[in-house]
Amino acid sequence: MKTTFSDRKNFIKQAIKPHFGILGIGFAIILFGVLFAFIGFKVENGLGFIIFGGLFIALSLAFMLYTLPSSLMYYYEQAEIKKYGSYTTAKVINKRVDDYSHSNSTFNGGSKKAIETYLYVIAFEFTYNNTIYNSECFFEHKSTYDAIAMHSTLPIKFLKTKPQNVTLRRKKLANQLGVTAKMCQ
């Protein structure tokens, strides 16, 4: 199954829509920079204007190119999953706890402070078109991690065109476990 050009165009529109504000501000700043650079070219000793305008343009473009691509892809994939996604359940096949604990010390020679940080990982699998797909999801709360038993089922949604693109349905899981949605993050 391949997405049509029309669908891809609609997904791009839906991805850009939440970013109109930041795109508008970014382009306004770029226009402001172009105006300063233009003034610098028209007046004598306008090198300061040119540099100032160039900085406006460069910083705005750098910010937009650094922050927007991942956000645009996220919204594009959400629109794609909304149209072509499928809901099913996946079987829990493994559970593990990743330890990211570290120590933190102050600059003025103070004592080291141990900071315990854990990430609770659930590995699961599901079958689509006689093919088994594996994925993982992460939880911040140990109580939610403990509530999910081995070989139990998790509600998921996946993209029919790319079944390896899987998302855990966290709100549905929260209802299934009887916990608040905040506990399933």
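The rules behind each value
- Residues numbered from 1 in each chain as written.
- Predicted model: local features only at pLDDT ≥ 70, side-chain atom pairs only at ≥ 80, totals over all residues.
- Heavy atoms only, no water.
- Patch = residues over 30% accessible without salt bridge, like charges linked within 9 Å, V, L, I, M, F, W, Y side chains within 5 Å.
- Areas by Shrake-Rupley, 256 points an atom, 1.4 Å probe, with all protein chains shown as cover.
- Salt bridge = Lys/Arg side-chain N within 4 Å of Asp/Glu carboxyl O.
- Helix = DSSP H or I, 4+ residues; strand = E, 2+ residues; numbered from the N terminus.
- Expected span 1.5 Å × (residues − 1).
- Bend = angle between axes of the 7 residues up to and from the residue.
- Buried < 20%, exposed > 50% of the residue type's maximum accessible area, 1.4 Å probe, protein only.
- Contact = heavy atoms within 4.5 Å.
- Phe/Tyr/Trp six-rings, centres within 6.5 Å; stacked < 30°, edge-to-face > 60°.
- Lys NZ or Arg CZ within 6 Å of the ring centre and 35° of its normal.
- Pairing = 2+ DSSP bridges.

What follows deals with a nonpolar patch on the surface. Among the surface-exposed residues, Phe 32, Leu 35, Phe 38, Ile 39, Val 43, Phe 49 and Phe 52 lie close enough to one another that they form a single nonpolar patch of about 600 Å² accessible area. Where the nonpolar patch is concerned, the elements lending two or more residues are helix 2 (20-42) and helix 3 (47-84). Here the nonpolar patch gets four residues from one element, more than from any other, and that element is helix 2. Mapped onto the elements of the fold, Phe 52 is located in helix 3.

Quick look at helix 3 now. Two residues of an α-helix separated by three or four positions point the same way, owing to the 3.6 residues in each turn. The terminal C-alpha atoms of helix 3 lie 54 Å apart, and with 38 residues this matches the ideal 56 Å at 1.5 Å per residue to within 8%. Taken as a whole, helix 3 carries its principal kink of about 40° at Leu 68; the proline Pro 69 stands between one and four residues after it. Listed as buried for helix 3 are Gly 53, Ser 60, Met 64, Leu 68, Tyr 76, Ala 79, Glu 80, Ile 81 and Tyr 84. In this structure, the buried side of helix 3 is in contact with helix 1 (5-16), helix 2, strand 1 (85-99), strand 6 (153-159) and strand 7 (166-168).

Taken as a whole, this structure holds 13 aromatic pairs when the rule is applied. Consider the rings of Tyr 74 and Tyr 75, whose centres lie 5.3 Å apart with planes at 80°: the pair is edge-to-face. Among the residues examined, Tyr 74 registers a relative accessible area of 45% and is labelled partly exposed. Residue class for Tyr 75 comes out partly exposed when judged on its relative accessible area of 33%. These aromatic residues form a ring-pair network of at least three members: Phe 32, Phe 36, Phe 49, Phe 52 and Phe 56. One residue, Lys 95, lies across the ring of Tyr 145, its end atom 4.5 Å from the ring centre. The lysine or arginine in question, Arg 170, covers the ring of Phe 139, its NZ or CZ lying 5.1 Å from the ring centre.

The two faces of a sheet get side chains in turn, since along a regular strand they alternate between them. Counted residue by residue, strand 6 has six buried out of seven residues, so it is predominantly covered. In the sheet, strand 1 pairs with strand 6 via seven bridges, with the strands oriented antiparallel. Looking across to strand 6, one finds that Thr 88 is bridged to Ile 156. Strand direction decides the pairing type here: strand 6 and strand 7, joined by three bridges, are antiparallel. Bridge assignment links Phe 158 to a residue of strand 7, and that residue is Val 166.

Before going further, it helps to spend a moment on the pattern of salt bridges. Going through the model one piece at a time under the given rule, you end up with four salt bridges. Taking the shortest distance from any N to any O, the salt bridge between Asp 98 and Arg 96 comes out at 3.1 Å. Its relative accessible area of 18% is what places Asp 98 among the buried residues. Exposure remark for Arg 96: the relative accessible area of 31% places this residue in the partly exposed category. Here Glu 136 makes a salt bridge to Arg 96, at a shortest N to O gap of 2.7 Å. Within this pair, whereas Glu 136 is found in strand 5 (residues 131-139), its partner Arg 96 is found in strand 1, the two being separated by 40 residues in sequence. Residue Glu 136 is classed as partly exposed on the basis of its relative accessible area of 34%.

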